[in-house]
Amino acid sequence: MRFALGCDHGGFSLKQRVAAVVIAAGHEVVDCGTDSDCSVDYPDFARKVGETILAHRAERGILLCGSGVGISVAANKIPGIRAGVCHDTYSAHQGVEHDDMNVLCIGARIVGEEVAVELVRAFVSAKFTNEERHLRRLNKLRQIEQDALAGKFS
Ligand code: RB5
């Protein structure tokens, strides 16, 4: 599987380690930046990862910022992206299995590097169950997106 990997300056210190973990698990990385610890804006990198997934250049994504919050909020603005901040391994795999989470967000200032490695391993090896109740909920998420795009919330 191909994983789009993006971060802001708050997540940059973790990015190379995350990339190595993804590759060691037998997957590919599509690096969406940033490429230094210079201050940048996290929405730009959430956008790049989202665009990469929607363009089918990657199947899933991993986003890193200081807390994981800003970059997950930004990613979830993109229809078709289901991003979650996960700082425990149960959520990192269950989010895929039940919710078809396609972007894992980690706060590099919140969890240590070894915890982040375990989160990434749990996420990359997880699969959506395709069970009826989860498909039903996924379809409801898609309906929310369609209704919002159609202006039904305004
Ligand atoms: C950057 O300083 C920081 O605000 C950002 O990485 C993130 O934590 C936002 O949610």
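You'll find the structure just up there.
Residues numbered from 1 in each chain as written. Predicted model: local features only at pLDDT ≥ 70, side-chain atom pairs only at ≥ 80, totals over all residues. Heavy atoms only, no water.

**Considerations on the site of the ligand**
- In the vicinity of the ligand, the contacting residues are Asp-8, His-9, Tyr-42, Cys-65, Gly-66, Ser-67, Gly-70 and Arg-109.
- Taking His-9, its side chain carries an N or O atom lying 3.3 Å from an oxygen atom of the ligand.
- At 2.8 Å, a backbone N or O of Gly-70 approaches an oxygen atom of the ligand.
- Coverage of the ligand by the protein chains reaches 70% of its 290 Å² of free accessible surface.
- Looking at the shell around the ligand residue by residue, the class counts come to two nonpolar, four polar and two charged. (Near = heavy atom within 4 Å. Polar contact = N/O pair within 3.5 Å; in protein donor to acceptor, adjacent residues only side chain to side chain. Areas by Shrake-Rupley, 256 points an atom, 1.4 Å probe, with all protein chains shown as cover. Nonpolar A, V, L, I, M, F, W, Y, C, P; charged D, E, K, R; others polar.)

**A look at the pattern of salt bridges**
- Under the definition given, this model contains ten salt bridges.
- The shortest N-O distance in the salt bridge between Arg-136 and Glu-132 comes to 2.9 Å. With Arg-136 and Glu-132 both in helix H6 (residues 132-149) and four residues apart, this pair spans about one turn of that helix.
- Overall, Arg-136 belongs to the partly exposed group, its relative accessible area being 36%.
- Looking at Glu-132, the relative accessible area reads 54%, which means it is exposed. (Salt bridge = Lys/Arg side-chain N within 4 Å of Asp/Glu carboxyl O. Helix = DSSP H or I, 4+ residues; strand = E, 2+ residues; numbered from the N terminus. Buried < 20%, exposed > 50% of the residue type's maximum accessible area, 1.4 Å probe, protein only.)

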